[in-house]
Amino acid sequence: MTLTDQPLFRFGVLADPQYAAIPPHVGMNRYYANSLEKLSAAIDVFNGEELAFVVTLGDIIDRSFRSFDDILPVYDRLKAPSRLLLGNHDFSVSAERLESVVGRLGLEDSYYDFKVGSFRFIALNGNEVSLFAPGEGDAHRALAASHLAVLKAEGAANAQTWNGALSDTQFAWLEVTLRAAKAAGETVIILNHYPVYPPNEHNLWDFARVLELIEAYDNVPAYFCGHNHAGNFGEHGGCAFVTFKGMVDTPDENTFAIVDVYEDRLEIRGFGREESRTLPLPVPV
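Source: prediction; values computed, not measured. (Residues numbered from 1 in each chain as written. Predicted model: local features only at pLDDT ≥ 70, side-chain atom pairs only at ≥ 80, totals over all residues. Heavy atoms only, no water.)

Engineer: I'd like a description of the packing of helix α1 (residues 35-47) against helix α2 (residues 67-75), backed by residues and values.
Structural biologist: Contact pair α1 / α2: the axes reach a minimum separation of 9 Å and the direction vectors enclose 10 degrees. The angle between α1 and α2 places the two elements in the roughly parallel class. Listed contacts from α2 to L36, L39, S40 and I43 of α1 are D70, I71, V74 and Y75. (Axes fitted to C-alpha atoms, helices over the stretch in contact; angles between N-to-C directions. Helix = DSSP H or I, 4+ residues; strand = E, 2+ residues; numbered from the N terminus. Parallel < 35°, antiparallel > 145°, perpendicular 65-115°, else oblique. Contact = heavy atoms within 4.5 Å.)

Engineer: Talk me through the pattern of salt bridges; I want residue IDs and the actual numbers.
Structural biologist: Using the criterion set out here, one finds 21 salt bridges in the structure. A salt bridge links E49 to R269; its shortest N-O distance comes to 2.8 Å. With E49 in the loop between α1 and β2 (54-56) and R269 in strand β11 (residues 265-272), this pair connects stretches of sequence that are 220 residues apart. By relative accessible area, which is 27% here, R269 ends up partly exposed. In this structure, R120 and D113 form a salt bridge, with 2.9 Å as the shortest nitrogen-oxygen distance. Given the relative accessible area of 18%, R120 is considered buried. The network of salt bridges with shared partners includes D5, D264, R265 and E267. (Salt bridge = Lys/Arg side-chain N within 4 Å of Asp/Glu carboxyl O. Buried < 20%, exposed > 50% of the residue type's maximum accessible area, 1.4 Å probe, protein only.)

Engineer: With reference to specific residues and values, describe the packing of aromatic side chains.
Structural biologist: Applying the stated criterion across every chain yields a total of 17 aromatic pairs. A centroid spacing of 6.4 Å and a plane angle of 35 degrees characterise the contact between F11 and F224, whose relative ring orientation is tilted. Residue F11 is found in strand β1 (residues 9-14), and its partner F224 is found in strand β7 (residues 222-225); the two are separated by 213 residues along the sequence. Accessibility classification places F11 together with F224 in one group, the buried group. Ring geometry for F46 versus F256: centroids 5.3 Å apart, planes at 75 degrees, classification edge-to-face. Residue F46 is found in helix α1, and its partner F256 is found in strand β10 (residues 255-261); the two are separated by 210 residues along the sequence. Accessibility assignment for this pair places F46 and F256 in one class, buried. Grouped by ring-pair contacts, the aromatic residues F9, F11, F53, Y112, F114, F119, F121, F224 and F244 constitute a single cluster. A cation over a ring is seen here: R83 above F114, with NZ or CZ 3.9 Å from the ring centre. Taking NZ or CZ as reference, R265 lies 3.8 Å from the ring centre of Y262, over its face. (Phe/Tyr/Trp six-rings, centres within 6.5 Å; stacked < 30°, edge-to-face > 60°. Lys NZ or Arg CZ within 6 Å of the ring centre and 35° of its normal.)

Shown next as structure tokens:
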């Protein structure tokens, strides 16, 4: 087949605005309130290009349900559709508000998939089994406690209270969705708040089974995530794992990206602190 050097489409990526109307935590390099201005500046750049969508890889807020009232209207300026993922800080709200987070972000479900051309994007919810997203008495919260206890006993680096895991139901859905995408000849890009590779303290608790599942499919060339604000990158089993840097970090330097999707590659154009990368795609015969 003949490849053209024109992108099939483009999309925007940003991670961890983590907005809150609170003073900065200088020791952690978190400037929560500044994310409104940074997000607005990123949207100015996004609006200057024709994008299929813009995805935020979780942690829209740092804390407090009312923080959504400040930051979500900024997204209304986007010309492209906004795709939001759930991060751990998005559940840093009062207990009675936990069940309202998904709806407040305009999501019908906490995990979902969508298509652009022959590309299938799978948006995961890594908070489903955690100590913070499920309500008190929810079986997923009890499961999270036992899961974390096992990881701590093993001395696992990601045995952290601010991580989580997929439920078995969501994992089964992921497997079914990947199988259907493969049968349909679709290229899959997985989106999640939590990394699964390289090994890191921020990784999803059940990263091993997710990684094993991805390895079984040669049509999954990329996995995009946030959560680790320093960013990260690794390649494993033919898939590139890109952790995008956190917008909330630094007083004024921004970080976001535009991804140009070609037939044979993804071109990540980094802005501010974000790095630019070229990721190969499997070329259909």
